[in-house]
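Working through the structure, step by step
Read off the chains here:
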Amino acid sequence: METTLQRLPRSANKQRHQLSEDVATYVRELIISGRVRPGEFLRIEPIAEAVGVSNTPVREGLLLLSGEGFVELVPRRGFMVSEFSKQDVRDLFWAQATMAGELASRAAKSISARELDHLADVVEAHARAAENGSDDELVAYGHEFHRSINLAADSHRLAMLLATVVKQLPNRFYISIEGHGEDTLRDHPLILEALQKRRPKAANTLMREHIMSSADELIAMLEKQGLWVESARKSTA
């Protein structure tokens, strides 16, 4: 005898997942920016109000973050902010740089003339956005540059793995890193040139160095915001 399971419509499931992701993104920013500190407990109601959702997506979003190591669930007490160290930042960038470098290497072997033309247009548009001082456009064109290379690599599974790492550092931190805009204006044309000349090793190296240069810049920015001040005091006490 067949039984039929009751399921939410696919669109409802997708919307519910998106709300949880919105919560996760919001809380990641709270943690990485230092607005909530390791050892603090997160209250569900203020988060729900800030994001504009009910309590359920907040719990689901916090569970997503517990899987990423940003928070931990303490029985009968709730979700507590985990330690977020300088090495954690470096590890995230290392993982991103390693996978993005490999994708750039693969793209150099298979990218089409049409895809190269699109990348050249993106690089030009990014430079214009920098001249105009448009942060939103800088983020958008920077994202499009990397997305286009990842697609040209024709390695869907690896690109998906990269995406899980990238989302752990919200977009606004990339544009907030002091000097990162100048680095991008220098590095993107060099990466494009390596792709145009079909030089996989050069594309890999340039992409890795481009991404890793951001790690120390972000760490310096977070140090200025006092993110690790309390940890430093504890270690010297």
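Residues numbered from 1 in each chain as written. Predicted model: local features only at pLDDT ≥ 70, side-chain atom pairs only at ≥ 80, totals over all residues. Heavy atoms only, no water.

This part takes up the packing of helix α4 (residues 86-110) against helix α7 (residues 156-166). At a minimum axis distance of 9 Å, the contact between α4 and α7 shows a crossing angle of 150°. Taken together, the axes of α4 and α7 lie roughly antiparallel to each other. Crossing handedness for the pair α4 and α7: left-handed. Counted together, L92, A95, Q96, M99, A100, E102, L103 and R106 of α4 and L158, A159, L161, L162, V165 and V166 of α7 form the full contact between these two elements. Of the residues belonging to the contact of α4 with α7, the class tally is eleven nonpolar, one polar and two charged. (Axes fitted to C-alpha atoms, helices over the stretch in contact; angles between N-to-C directions. Helix = DSSP H or I, 4+ residues; strand = E, 2+ residues; numbered from the N terminus. Parallel < 35°, antiparallel > 145°, perpendicular 65-115°, else oblique. Left-handed = near helix turned anticlockwise from the far one by under 90°. Contact = heavy atoms within 4.5 Å. Nonpolar A, V, L, I, M, F, W, Y, C, P; charged D, E, K, R; others polar.)

To continue, consider the sheet that holds strand β1 (residues 41-42). On the basis of which strands lie adjacent, the open sheet formed by three strands has the order β1-β3-β2 and antiparallel pairing. Strands at the two margins of the open sheet, each flanked by one partner only, are β1 and β2 (71-74). Where β1 meets strand β3 (residues 78-81), two bridges bridge the pair, whose relative direction is antiparallel. Within the sheet, the bridge partner assigned to L42 lies in β3 and is F79. (Pairing = 2+ DSSP bridges.)

All we've got here are geometric facts, nothing functional implied.
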